[in-house]
Amino acid sequence: MVELSGVLGVALVALGMVLTPGPNMIYLVSRSITQGRRAGVVSLGGVAVGFLVYLLATNLGLSMVFLAVPELYVAVKLAGAAYLAYLAWTALRPGGVSVFAPKELPKDSPRKLFTMGLMTNLLNPKIAIMYLSLIPQFISLEAGNVLLQGFLLGSVQIAVALTVNLGIVLAAGAIAVFLARRPSWLRAQRYLMGTALGLLAVSVAVDTSAPVTSG
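Residues numbered from 1 in each chain as written. Predicted model: local features only at pLDDT ≥ 70, side-chain atom pairs only at ≥ 80, totals over all residues. Heavy atoms only, no water.

For the rest of this paragraph, the subject is the pattern of salt bridges. All chains considered together, the criterion is met by two salt bridges. Asp-108 is the partner of Arg-31 in a salt bridge, and the nearest nitrogen-oxygen pair spans 2.7 Å. Note that Arg-31 is positioned in helix α2 (residues 23-35) and Asp-108 in the loop between α4 (70-92) and α5 (110-122), a separation of 77 residues in sequence. Residue class for Asp-108 comes out buried when judged on its relative accessible area of 11%. For Asp-108, the salt bridge is made with Lys-112, and the minimal N-O distance between the two is 3.6 Å. The partly exposed category is assigned to Lys-112, whose relative accessible area is 43%. One salt-bridge network, held together by shared partners, links Arg-31, Asp-108 and Lys-112. (Salt bridge = Lys/Arg side-chain N within 4 Å of Asp/Glu carboxyl O. Helix = DSSP H or I, 4+ residues; strand = E, 2+ residues; numbered from the N terminus. Buried < 20%, exposed > 50% of the residue type's maximum accessible area, 1.4 Å probe, protein only.)

Right, here's the structure in full:
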């Protein structure tokens, strides 16, 4: 059985990660603002499937590949750090815009919204790092079935992430209107997002921990 400390640890990590602006949040907010809540919910469905893909792949042994080829693991982490740094720069650069700033985007079909949500999550370096190196650290060999623990802890992460993201989708329009009327707050939100992404990029780049297998 999963230990309570492990459940709470994963829940806190998942909460911290989902509240840090990244590709998923940017995509969900942009679609919710420009195309409505329904589009945001459909996009979130794709994001949810992406979480399930990571959950299955990691617990069925993907992390073993990184243990066997540590150079590949380092390459993935550095690529993720570079991508996060790019996102930070787009937010902090002169003329950058907030994730909540309304912008014109073409109307996409439900199928495309779902697919883009899925691909955004699958290519999200934050999620890859979480499943390959963070969640496995809360697995206890003394607690029994390691594979079952991996699935249960991953389910905790998914529940936290989807709950928070659904709240963001439903509130995105109201938040955008609120910030649009307060330009200084909009700039502050953009700088906060860029700083958070930059700090996460540095943290990922300098992290020297090795992946821990949960399979």
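Another aspect to go through is the confidence of the model for the protein chain. Close inspection of predicted coordinates is inappropriate in any region flagged by low pLDDT. Looking at the protein chain, pLDDT values average 78 and 80% of them are 70 or higher. Of all helices and strands in the protein chain, the one with the weakest mean pLDDT is α4 (73), whereas α5 scores best (92). (pLDDT = per-residue confidence, 0-100.)

With that settled, consider the environment of Leu-44. The residue Leu-44 is located in helix α3 (residues 37-68) in this model. With relative accessibility at 7%, the residue Leu-44 sits in the buried group. With residues near it in sequence (within four places) discarded, Leu-44 still touches Leu-28, Leu-162, Asn-165 and Leu-166. (Contact = heavy atoms within 4.5 Å.)

All chains considered together, the criterion is met by one aromatic pair. Aromatic side chains Tyr-54 and Tyr-131 sit 5.9 Å apart centroid to centroid with 15 degrees between the ring planes, which places their arrangement in the stacked category. Taken together, the residues span a long stretch of sequence, with Tyr-54 in helix α3 and Tyr-131 in helix α6 (residues 125-134) at a distance of 77 residues. Pair check on accessibility: Tyr-54 and Tyr-131 agree, each one buried. (Phe/Tyr/Trp six-rings, centres within 6.5 Å; stacked < 30°, edge-to-face > 60°.)

Its 13 residues place the ends of α5 18 Å apart at the C-alpha level, agreeing with the 18 Å of an ideal helix rising 1.5 Å per residue. Among the residues of α5, those classed as buried are Leu-113, Gly-117, Leu-118, Thr-120 and Asn-121. Take α5 and look down its axis: the buried residues cluster within an arc of 165 degrees, on one side only. (Expected span 1.5 Å × (residues − 1). Arc of directions from axis to C-beta.)

Before going further, it helps to spend a moment on the nonpolar core. Among the nonpolar cores identified, the biggest contains 27 residues, and Phe-51, Tyr-131, Ile-135 and Leu-153 are the most heavily contacted of them. Secondary-structure elements contributing two or more residues to this core are α1 (4-19), α2, α3, α6 and α7 (146-180). The element that contributes the greatest number of residues to this core is α7, accounting for eight residues. With near-sequence residues (within four places) excluded, Ile-135 lies in contact with Val-10, Met-130, Leu-153, Gly-154 and Gln-157. (Core = buried A, V, L, I, M, F, W, Y, C linked by side-chain atoms within 4.5 Å.)

Glancing now at the environment of Tyr-191. Note that Tyr-191 resides in helix α8 (residues 183-206). Each C-alpha atom, one on Tyr-191 and one on Trp-89, is 10.0 Å from the other, the two residues being 102 residues apart in sequence.

Moving on to a nonpolar patch on the surface. Side chains of Val-41, Leu-166 and Leu-170 sit close together on the surface and give an oily, nonpolar patch of about 210 Å² of accessible area. When you line up the elements, Leu-170 lands in helix α7. (Patch = residues over 30% accessible without salt bridge, like charges linked within 9 Å, V, L, I, M, F, W, Y side chains within 5 Å. Areas by Shrake-Rupley, 256 points an atom, 1.4 Å probe, with all protein chains shown as cover.)

Two quantities define a packed helix pair, namely the angle between the helix axes and the distance between the axes. For the pair α1 and α6, interaxial distance at closest approach is 11 Å and the crossing angle is 165 degrees. Relative to α6, the element α1 lies roughly antiparallel. Here α1 runs over α6; the crossing is right-handed. Contacts between α1 and α6 involve Val-13, Ala-14 and Met-17 from the former and Lys-126, Met-130 and Leu-134 from the latter. Looking at the contact of α1 with α6 residue by residue, the class counts come to five nonpolar, no polar and one charged. (Axes fitted to C-alpha atoms, helices over the stretch in contact; angles between N-to-C directions. Parallel < 35°, antiparallel > 145°, perpendicular 65-115°, else oblique. Left-handed = near helix turned anticlockwise from the far one by under 90°. Nonpolar A, V, L, I, M, F, W, Y, C, P; charged D, E, K, R; others polar.)

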